[in-house]
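Understanding the architecture of this molecule
Next come the chains, spelled out residue by residue.
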Amino acid sequence: MMTASTRAHVFSIFARRIHAAFKLTALFFFLFCIGCATTNYKATPAAPNLPENARVIVMPLDVQLFELTAGGLQEPRADWTAAAETHVQTALESFLAQRKDTVVRYEPLQDNPEKARMNQQLMKLHEAVGNSIMIHTYFPGFNLPTKKDQFDWTLGGGIQRINERYGAHCALFIFIRDSYASAGRKAAMVLGALAGVSISGGFQTGFASLVDLQTGNILWFGRLFRQAGDLRTPEPAYEAVSQLLVGIPL
Amino acid sequence: MTFKSSCIWILALCLTCLSCASTQVQDIQPGEKPALESDEAGLWMVMDDIEANLKTSGRVEHDPELNDYVKKILCKLQPNYCDDIRFVIVQTPHFNASMAPNGFMQIWTGLMLRAQNEAQLAYVLGHEIGHYQRRHSLIQWRTIRDTSSALIFLQLVAAGAGVGYAGSIAQMVAMAGIFAYSRDMEREADDIGFEIIADAGYDFHEAANIWEALIEERDAADQPDQFILFASHPTTGERVNAMRKMADQLESQGRAGHPYQREYLDATRPFRAKWLKNELRKRDFAASQVVLKHLLSTGDNPGELHFYQGELYRMRAKQGDHEKAIASYQQALRCEQYPPAALRSLGLLFWKTGKVEAAKDSFKNYLNLHPDAPDYEMIKSYIEEIQ
Amino acid sequence: MLKNRGTLFLLAGVFLMSACAHYTLVEPVKKDIGGSYSVEPQIAWNRSVQGKIEIWTIDGPTLEAVHFFNGISDGQNLFPFHGNSDRKAKLPKFNKNMTANEAQEFVVDSMMAPYGRSLVGPNMIGTGVQAYNLRPFKFGSHPGFRFELSYLSEEGLEYDGFVVGTIKADQLFLVCYAGAREYYYPKYKETAENIIASIHMP
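Counting starts from 1 at the beginning of each chain's written sequence and moves along it residue by residue. Here chains are named by letter from A upward and ligands by number from 1 upward, in the order in which they appear as written. Totals for whole chains, interfaces and linings use every residue, but because this is a predicted model, local features are given only for residues with pLDDT of at least 70 and side-chain atom pairs only at 80 or more, for both listing and counting. Each side-chain value is derived from all of the structure's non-hydrogen atoms; neither hydrogens nor water enter the calculation.

**As for the overall build of chain A**
- Helix and strand assignments come from DSSP, with helices taken as H or I runs of at least 4 residues and strands as E runs of at least 2, each series counted from the N terminus. Each helix and strand counted, chain A has five helices and eight strands in total.
- Mapped from its N terminus to its C terminus, chain A presents α and β elements in the order α-β-β-β-β-α-β-α-β-α-β-β-α.
- For each residue, the accessible area found with a 1.4 Å probe, counting protein chains only, is set against the maximum for its type, and the residue is called buried under 20%, exposed over 50%, and partly exposed in between. Buried residues in chain A amount to 57% of all 250 residues.
- Put simply, 77% of the contacts in chain A that link residues at least 6 apart link residues at least 24 apart.
- Shrake-Rupley sampling with a 1.4 Å probe provides the accessible areas, and residues are treated as covered by the protein chains on show and by no other component. Counting only carbon and sulfur atoms, one obtains 54% of the accessible surface of chain A, whose full area is about 9,900 Å². Residues count as neighbours in contact if any of their non-hydrogen atoms are within 4.5 Å of one another.

**Quick look at the sheet that holds strand β1 (residues 24–26) of chain C**
Residues and elements named next belong to chain C.
- Two strands are said to pair when DSSP picks up at least two bridges between them. One open sheet holds the eight strands; their spatial order is β1-β4-β5-β6-β10-β9-β8-β7, and the pairing between them is antiparallel. For this open sheet the edge positions go to β1 and β7 (127–139), each flanked by a neighbour on one side alone. Averaged over neighbouring strand pairs, the angle between their axes works out to 25° when direction is ignored. Lines are fitted to the C-alpha atoms to define the axes, a helix being fitted only along its stretch in contact, and any angle between axes, read from their N-to-C directions, falls within 0 to 180 degrees.

**Some thoughts on helix α5 (residues 118–133) of chain B**
Residue and element names in this part refer to chain B.
- Multiplying 1.5 Å by the residue count of a helix minus one yields the expected span of that helix. Along its 16 residues, α5 runs 22 Å from first to last C-alpha, staying within 8% of the 22 Å computed at 1.5 Å per residue.
- In protein, a polar contact means a hydrogen-donor-capable atom and an acceptor-capable atom, both N or O and within 3.5 Å, with residues adjacent in sequence counting only if both atoms are side-chain atoms; elsewhere, any N or O pair within 3.5 Å suffices. The N-terminus of α5 is capped by N117, whose side-chain oxygen sits 3.2 Å from the backbone nitrogen of A119.
- Looking one or two places after α5, you find R135, whose phi comes out positive at around 60°.

**A short note on the domain arrangement of chain B**
Residue and element names in this part refer to chain B.
- Note: domain ranges come from an automatic or database domain assignment. Domain boundaries in chain B define domain 1 (3–252) and domain 2 (271–386).
- Between domain 1 and domain 2, the residue contacts involve 19 residues of the former and 17 residues of the latter.
- A side-chain nitrogen of Lys or Arg and a carboxyl oxygen of Asp or Glu constitute a salt bridge if their distance falls within 4 Å. Of the charged contacts, one joins E61 and K274 as a salt bridge, the two residues approaching to 2.9 Å between their closest N and O atoms.
- In this assembly, domain 1 and domain 2 are joined by five residue pairs in polar contact (both at pLDDT 80 or more).
- For the side of domain 1 that touches domain 2, the secondary-structure elements that each account for two or more residues are α4 (109–114) and α8 (206–220).

**Describing the packing of aromatic side chains**
- Pairing of aromatic side chains here covers Phe, Tyr and the six-membered ring of Trp, requires ring centres within 6.5 Å, and sorts the geometry by plane angle: under 30 degrees stacked, over 60 edge-to-face, intermediate tilted. Scanning the model with the defined rule gives 28 aromatic pairs over all chains in all.
- Ring geometry for Y69(B) and Y264(B): centres 6.3 Å apart, planes at 45°, overall tilted. With a gap of 195 residues between them, Y69(B) in helix α3 (residues 64–77) and Y264(B) in helix α10 (residues 261–281) connect regions that are remote in the sequence.
- Assessed through its relative accessible area of 1%, Y264(B) is described here as buried.
- Considering the side-chain rings of F145(C) and F147(C), the 6.3 Å spacing of their centres and the 10° angle between planes classify their relative orientation as stacked.
- F145(C) sits in the buried class, given a relative accessible area of 3%.
- An aromatic cluster of three or more residues is present, and its members are Y138(A), F175(A), F207(A) and F221(A).
- Across from the ring centre of W80(A), 4.1 Å away, lies the NZ or CZ of R77(A), which sits over that ring. Any Lys NZ or Arg CZ found within 6 Å of a ring centre and within 35 degrees of that ring's normal is scored as a charge over the ring.

**A short note on the pairing of strand β2 (residues 86–90) of chain B**
All names here are of chain B.
- Within β2, four of the five residues are buried, which leaves it mostly tucked inside the rest of the structure.
- Across two bridges, the pairing between strand β1 (residues 60–61) and β2 is antiparallel. Bridging across to β2, V60 finds its partner in V90.
- Summarising the sheet, β2 and strand β4 (residues 104–108) pair through five bridges and their orientation is parallel. Each bridged residue has a counterpart across the sheet, and for V88 the counterpart in β4 is Q106.

**Observations regarding the packing of α8(B) against helix α9 (residues 236–252) of chain B**
All names here are of chain B.
- It is at 8 Å that the axes of α8 and α9 come closest, and there the two elements cross at 160°. On the basis of their axis angle, the class for α8 and α9 is roughly antiparallel. Note that α8 runs across α9; the crossing there is left-handed. Residues A207, A208, N209, W211, E212, I215 and R218 of α8 form the contact with α9, whose participating residues are T236, R239, V240, M243 and R244. Put simply, angles under 35 degrees are roughly parallel, angles over 145 are roughly antiparallel, angles from 65 to 115 are roughly perpendicular, and the rest are oblique. Throughout, a crossing is termed right-handed when the near helix is turned clockwise from the far one, and left-handed when it is turned anticlockwise from it by less than a right angle.

**Examining the state of the cysteines**
Residue and element names in this part refer to chain B.
- Criterion for a disulfide: a pair of cysteine sulfur atoms at a distance within 2.5 Å. A full pass over the atoms with the stated rule returns one disulfide over all chains.
- A sulfur-sulfur distance of 1.9 Å marks the disulfide that ties C75 to C82. Across the S-S bond linking C75 and C82, the dihedral sits near 70°, which makes this disulfide right-handed.

See the structure below:
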């Protein structure tokens, strides 16, 4: 009802938010990474103290899949997302198992609100650090001279709180946004070609970070951006995960 | 027409029809969840994500008593949806409430500051329940989605036929379609809100009253762009009249209700200072004056209200405002209870207007009354400076 | 990591700023700030300048930073704002006759003002800003003030900070150190305290 603007509210929540959220991400990478490899990672130069059979907490996946409509809107697909979450989780566990690592899944605390709140702060700090990594390592002109060629990022020792229940060596965070052109979109691409207008298809973008649970240091940070890949079925999902995790020291 | 452009026309027409969605949706049932492959499930997925983020964001009012109070109102209004609807109270000094298709409601503190009784708040919440019940967001999304699909084909067709870029006209047509649609939806939600509060025993005259107060604020405001909601709602005068008519009709049928003002003032009193402070931060003093005027008329916690009246004058700082502020603070001091900050602000203004002895006295009284003041050392140093 | 609107605004801002923001190295030797005073940096910092605001950071301003505000004039707003003029008219403005209390109010209100996407510069904006322990402070040899801050980002990450300032020749000078409460604020707090203790203002 008494929305500050009905139009802005409906548009921005459903259309623009989805549209902009995704488009903005893609736009930045497209503009700033023309000529970049589709995958790219950064890692701490020193060998991380991870044992052969590392115990890895896989944090709750942040994966969303969209259908790219003919009109250029990203329409959220709950069914594709549910499938992708399953396939990506399976792919991760299988990828890590092949490297002799043990996987545990993170379960948010239910019984202790104060502890849960502090863990929330760590999750938010991880997001803030991830943003800083993206801006200051991937965007030319924002590089920090004191970090120069070093990959030196951390969440601090407070991360050990997360590990109380798990006794793990490191934690893996995964974020993926993926869109697929609808039939209408594909037709528009064909029509576009006929009319001499270029229309883009869907694309896949993802980030992953590996955090040392002793020190809080970001051991490895991976990025994926390409116009291919499919998370809706098991084999291509495994391929996407392998691409995303290139260079991970596990 | 060339072969190429007729091909484009045919293809375009076919594909536009493919993306057409039916606008016949049923009311949402209690406990209902959309099928995973539906477009509605997709919207729920995104809204679930937004809900989870908003709940832990920096802007949420977590106070358990206030949240319980609002929850009780929601469940009174629509017991069927009581378990389905979640909400957060968002710390933002604007009049707003909104309902997402997954049953997640936002209630902005600017609304809670402006509602003068429980019936007025209930009406706004009932209106939002109306949107949820009728699945308006889903319908709106489908309109946008289908309109934008149609849009791109219009553009392509135009390009193919060599007409040139027809984007802007098509866009206007699309926008006009969406606007008109949402006005009807707002009327529908209005009607449902009205019905719901009447059935729940609230005074249904309050529906028109809250709108009237909002119109008054908008007409006074320096910044009318905050009131964009009027652009997509039925004309305000029309709306108030419609609600008055409906209220008269119910009254003539012998129905009556209660505004529950005392309950509302009791529940919101602990938060009013924070909300007023945020309201004044907007620095649209003409609009805030209307809000303050309505609050002053309730006579609830007058010491606090006179203090914030003083703050309004102090922050506005126009010709003569210093004197007006001083008068308001002094009025606050005559009340049984008042915020200690009234003494501090009084001291600051006495100091600025050259009344140094009065300033010193006010600062001293402030420190005596408020030994835990967060600016104790600074005020002490003012006293020393004056001496 | 990119899922929040605040983050997107940040990136949008980054996109807009891309022509301007550029980090250079500050060595740990005496440094002049805006031609008004000098400080000892203590360690090497990454420095970025936007108009009257100078930012020193190690890990990026959303994690921790020292902000120098150099000579905000009468009638100016605190953060550089390039949005529409109606909005700008509603932003808090510095007044040369402000007491310390009003200067604190100016900073807090500026941090909480609704800038939308038209803010270019520091990330010292937040919700639920609390200022406390306002007290006199010697800014170099000038009488000034200090207060502590706590606030939240839009996403809900908790921040701590402190602000020192003075009004000299009708202009406001501020130094603010702020960082995420978890790990980052404590990490360079002592360094920041040493920086403000080293202020030399003629």
